[in-house]
Amino acid sequence: MTEYNAGMRMMRKMMAWVIGKKIMGMRIASCKDLARVLYDYIDDELSDSEKRSIDMHLLVCKDCRNYLKTYRDTIQMVRKIPDTPMPQDFSDYLEDLLRKRLAH
Ligand SMILES: [Zn+2]
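None of the values given here were measured: they were computed from a predicted structure. (Residues numbered from 1 in each chain as written. Predicted model: local features only at pLDDT ≥ 70, side-chain atom pairs only at ≥ 80, totals over all residues.)

### Considerations on the overall build of the protein
Of regular secondary structure, the protein possesses five helices and two strands. Counting the 104 residues in the protein, one finds 9% classified as buried. Within the protein, contacts between residues at least 6 apart in sequence are counted, and of these 51% link residues at least 24 apart. (Helix = DSSP H or I, 4+ residues; strand = E, 2+ residues; numbered from the N terminus. Buried ≥ 20, exposed ≤ 12 C-beta atoms within 10 Å, placed from the backbone. Contact = placed C-beta atoms within 7 Å.)

Following this line, the structure appears as structure tokens:
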């Protein structure tokens, strides 16, 4: 094993270890904590210390980073969908596309 790989493994171990623990007066959020405050975190309604604790967790936890990203993307997508009916030409286009698909 190269020295670099050994170092990376050590880092990952350390990072996993800090989750849910209090380090230098600051608690690193656990995955559960993140799930609990996710809404508030995204809406930016957490206190500074809570936000820092989540930020730190995201720094060390890849799973939660991915989770948060998917979550954010979904919210953004839903927010982008206008609250108006689909334009007629677009709906015609979709119908046309669907019919062509079914014809094959
Ligand atoms: Zn996590």
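Now that the structure has been shown, we can carry on.
### Some points on the packing of helix α2 (residues 31-42) against helix α3 (residues 48-60)
The geometry of α2 relative to α3 is characterised by a closest axis approach of 11 Å and an angle of 115 degrees between their N-to-C directions. Where α2 crosses over α3, the two elements pack in a sense that is left-handed. Across from Leu34, Val37 and Tyr41 in α2, the residues of α3 making contact are Glu50, Lys51, Ile54 and His57. (Axes fitted to C-alpha atoms, helices over the stretch in contact; angles between N-to-C directions. Left-handed = near helix turned anticlockwise from the far one by under 90°.)

### Overview of the nonpolar core
One broad trend across soluble globular proteins is that nonpolar side chains are buried collectively. Judged by nonpolar contacts, Ile28, Ala29, Leu34, Tyr41, Ile54, Cys61 and Cys64 together constitute the single largest core of seven residues. Beyond its immediate chain neighbours, meaning those up to four positions away, Ile28 contacts Val18, Ile19, Gly20, Lys21, Ile23, Ser53, Met56 and His57. (Core = buried A, V, L, I, M, F, W, Y, C linked by C-beta atoms within 7 Å.)

### Brief notes about unusual backbone geometry
Its identity as a non-glycine residue notwithstanding, Asp44 has a phi of 60 degrees, on the positive side. Summarising the element assignment, Asp44 is placed in the loop between α2 and α3.

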